[in-house]
Amino acid sequence: METREKFEALARILTHEIKVKKVKINGLSKVKGDIITPYLAPLPSQDNLAKLLDRINKAKIGLEELQAFDAVDVMIERGEERSIGGIQTVNLQVSVSEKSGGRYRMNVSSDARGNDGSFNVEASQHNLFGRLESATLSYTKGTRIADGLSLLLHKPIIGARGKTSDVMLEVGKQNAASRTGGFNTSDLQTNLKYKMRLLGGLATSEVGALWQQILGDGPVSVKVREEFGHHVKCGVRCSYERDGRDDNILPTRGNYTRISTEAAGFLGDAHHLKVDCQVQRVRKLPILGYTGSLTLRAGLLHSKSKSWITDRFFVGGPGSVRGFYEDGISRPVGGTCHWGAGLSLYRGLPFSPYIWGLGPHIRLHHFVNAGNLVSTAGEVFEKCRVSVGSGLIVKVGSVMKMEINYAVPLRFQPGDAVNHGLQFGIGVNFM
């Protein structure tokens, strides 16, 4: 049979009218049937084989995303009789294998917001009552969080078209250290979160309460020492994040948007409105294989009374305005208004790209950064800081990246912690 005849025969098979008469589910034990019903509801219909296979694939992907099953298989069986009009009937056999309820995990991760590394140990129990409820107890020890213990209760919301949102309740205790301010914090907090997909991104609403103690036992500036003591904050936080990049570590195209707001003041001694946002645009350039990335950041903290040092913004460092030490702009107490802009150009190595097998993960990097941090919004564009430089970017799997740059600060102010020379950074979120 010639190739053309084979394609014609395949086309006739895929366009053949069939009707799904029955869907049978095998393997359910603890998971309730109403959890998977929304994913299987579109399957019983009369259509051609190609469209049926597409619906089966979507249902299979949806069930796998629930992370409740080790395997999901769908088998099409020919029916014993034809329907009215001679249309072939078929039956579907959906076989699932449920995951075990208890899970233990240890991993090393990086915080995309603060570019911090941490070691985590987790023990979790899934599908507590048959509708994918879970409880996770985790212990964290990292570069910023000295130690932390938290309990997370999670319940996905399954609607008529599948999973629509998530509800989470978290209670935790953690001790953290400021690497640049010379102070420590001891936090006891509880948060109720609601997450849902919105306009192609992820929207999060959160109500939280925090009891925080700021303390220190070493040499600390007088301005920081004035912040010491116990604080209570109750607030509402909302955030929206949309990532359309082809890769979150070394993208070559796409856009990224993040905006977060916090309103505090219902109870406690924190009364403020805080807004922080970031946008990034990445494009492949027709110049020597370079990719261009433009990142903009801005934030404002408006407080009716004196704001806490842990609520203020800090700028400077390898993930922010390069050419300054971490939080090196306006040390040590931070500011209430900031902005930043970064233009980066990166490309593959110009010589053998597969030397030692590392070539595909290394990029040449050139950057221009600008930004400022002040305590008065009217001064935000005055005396801004500017730096330029070049270096290398190394992608570490799909987890994080490392940067080694030679940075040259062009504009800085007295009191800034300037880093003129080699600068090393590791994390996810760079400007």
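These lines cover the structure that appears in this document, whether it is placed above or below. Fair warning: this is a prediction, and the values are worked out from it, not measured in the lab.

Looking now at the overall build of the chain. The secondary structure content of the chain amounts to four helices and 20 strands. Over its C-alpha atoms, taken along the principal directions, the chain stretches across nearly 85 × 55 × 40 Å. Looking at the chain residue by residue over its 431 residues, the buried ones come to 40%. Accessible surface computed for the chain: about 23,400 Å², of which carbon and sulfur atoms make up 60%. Counting 55 positive and 41 negative side-chain charges, the chain places the centres of these two groups 2 Å from one another.

Attention shifts here to the packing of aromatic side chains. On inspection of all chains with the given rule, the structure shows one aromatic pair. Note on W339 and F381: the rings are 5.5 Å apart at their centroids and 40° apart in plane angle, and the pair reads as tilted. With W339 in strand 16 (residues 337–348) and F381 in the loop between strand 17 (362–374) and strand 18 (385–396), the pair connects residues that are 42 residues apart, well separated along the chain. When its relative accessible area of 63% is taken as the criterion, F381 is described as exposed. We note R322 situated over the ring of F367; from NZ or CZ to the ring centre the distance is 4.9 Å.

So, about the pattern of salt bridges. Close approach of charged atoms allows side chains with opposite charge to pair. On inspection of all chains with the given rule, the structure shows 14 salt bridges. Between D243 and R245 there is a salt bridge, with its nearest N and O atoms 2.9 Å apart. Judged by its relative accessible area of 38%, D243 falls in the partly exposed class. Among the salt bridges present, the one from D247 reaches K395, with a minimum N-O distance of 3.2 Å. In this pair, D247 is assigned in the loop between strand 12 (229–243) and strand 13 (254–268) and K395 in strand 18, connecting sequence segments 148 residues apart. Overall, D247 belongs to the partly exposed group, its relative accessible area being 21%. Judged by its relative accessible area of 22%, K395 is partly exposed. Overlapping salt bridges bring together E206, K233, R237, E262 and D311 as one network.

In this structure, D327 sits in the loop between strand 15 (291–303) and strand 16. On the accessibility criterion, D327 (17% relative accessible area) is buried. Excluding its chain neighbours within four sequence positions, the residues that come into contact with D327 are T180, F314, V315 and G316.

Residues I35, I36, L40, L52, L63, L66 and F69 are the most contacted members of the largest nonpolar core, which totals 22 residues. Listing elements by their share of this core, those giving two or more residues are strand 1 (17–26), helix 2 (33–40), helix 3 (49–65), strand 3 (69–82) and strand 4 (88–98). Tallying contributions element by element places helix 3 first for this core, with five residues. Among residues more than four places away in sequence, those in contact with I35 are L66, G130, R131, L132 and I158. Ranked by size, the runner-up nonpolar core spans eight residues in total, among them F313, F324, L373 and M431.

A separate point is the side chain of E262. Tracing the chain through its elements places E262 in strand 13. Residue class for E262 comes out buried when judged on its relative accessible area of 9%. Side chain to side chain, E262 and R237 meet in a polar contact 2.7 Å long. When neighbours within four sequence positions are excluded, E262 is seen to be in contact with K233, V236, R237, H272, L273, K274 and D311.

Our next topic: the pairing of strand 17. Bridge count for strand 16 against strand 17 is 12 bridges, and the pairing is antiparallel. Paired with L343 across the bridge in strand 17 is V368. Of the pairings in the sheet, the one linking strand 17 to strand 18 comprises 10 bridges and is antiparallel in character. In the sheet register, N369 faces strand 18, and the bridge partner there is S387.

Bringing the pairing of strand 7 (residues 134–142) into the picture now. Direction of pairing for strand 7 relative to strand 8 (residues 145–159): antiparallel, over a ladder of seven bridges. Counterpart to T140 in the pairing with strand 8 is G148. In textbook terms, the turn of a hairpin is the stretch between consecutive antiparallel strands, and for strand 7 and strand 8 this stretch comprises two residues.

With that out of the way, let us pick up the packing of helix 2 against helix 3. Relative to each other, helix 2 and helix 3 sit at 150°, their axes nearing to 9 Å. Crossing handedness for the pair helix 2 and helix 3: right-handed. Together, I36, Y39 and L40 of helix 2 and A59, G62 and L63 of helix 3 make up the contact between the two elements. Broken down by class, the residue content of the contact of helix 2 with helix 3 amounts to five nonpolar, one polar and no charged.

Backbone geometry places Q67, a non-glycine residue, at a positive phi of 55°. Assignment of secondary structure puts Q67 in the loop between helix 3 and strand 3. We note that L199 has phi near 55°; this positive angle belongs to a residue other than glycine. When you line up the elements, L199 lands in the loop between strand 10 (184–198) and strand 11 (201–215).

Cut-offs applied
Throughout, a residue's number is its position along its own chain's written sequence, starting from 1. For a predicted model such as this one, the threshold for reporting local features is a pLDDT of at least 70, and the threshold for listing and counting side-chain atom pairs is 80 or more; totals across whole chains, interfaces and linings nevertheless cover every residue. For the side-chain quantities, the full set of heavy atoms in the structure was used; hydrogens and water were omitted. Helix and strand assignments come from DSSP, with helices taken as H or I runs of at least 4 residues and strands as E runs of at least 2, each series counted from the N terminus. Using a 1.4 Å probe on the protein chains alone, a residue whose accessible area is under 20% of its type maximum counts as buried, one over 50% counts as exposed, and one in between counts as partly exposed. Note on areas: Shrake-Rupley, 1.4 Å probe, and residue coverage restricted to the protein chains presented here. In this tally, Lys and Arg are treated as positive and Asp and Glu as negative; His is ignored, and so are the chain termini. Charge positions come from single atoms, namely NZ of Lys, CZ of Arg, CG of Asp or CD of Glu. Only Phe, Tyr and Trp rings take part, Trp by its six-membered ring, and two of them pair if their centres are within 6.5 Å. Stacked means planes under 30 degrees apart, edge-to-face means over 60, and tilted covers everything else. Lysine and arginine charges are scored as sitting over a ring when NZ or CZ, respectively, is within 6 Å of the ring centre and within 35 degrees of the ring normal. Basic side-chain nitrogens of Lys or Arg form a salt bridge, by our definition, when they fall within 4 Å of a carboxyl oxygen of Asp or Glu. Throughout, a residue-residue contact means that at least one pair of heavy atoms, one from each residue, lies within 4.5 Å. The set of buried Ala, Val, Leu, Ile, Met, Phe, Trp, Tyr and Cys residues whose side-chain atoms join them within 4.5 Å is what this entry labels a nonpolar core. Nitrogen and oxygen atoms within 3.5 Å of one another constitute a polar contact, given that in protein one can donate a hydrogen and the other can accept it, and given that sequence-neighbouring residues count only through two side-chain atoms. Any two strands with at least two DSSP-identified bridges between them are counted as paired. The axes used here are C-alpha line fits, helices contributing only the stretch in contact, and every angle between their N-to-C directions lies in the interval 0 to 180 degrees. Each crossing gets its hand from how the near helix is turned against the far one by less than a right angle, where anticlockwise is left-handed and clockwise is right-handed. Only Asp, Glu, Lys and Arg are considered charged, only Ala, Val, Leu, Ile, Met, Phe, Trp, Tyr, Cys and Pro nonpolar, and every remaining residue, Gly among them, polar.

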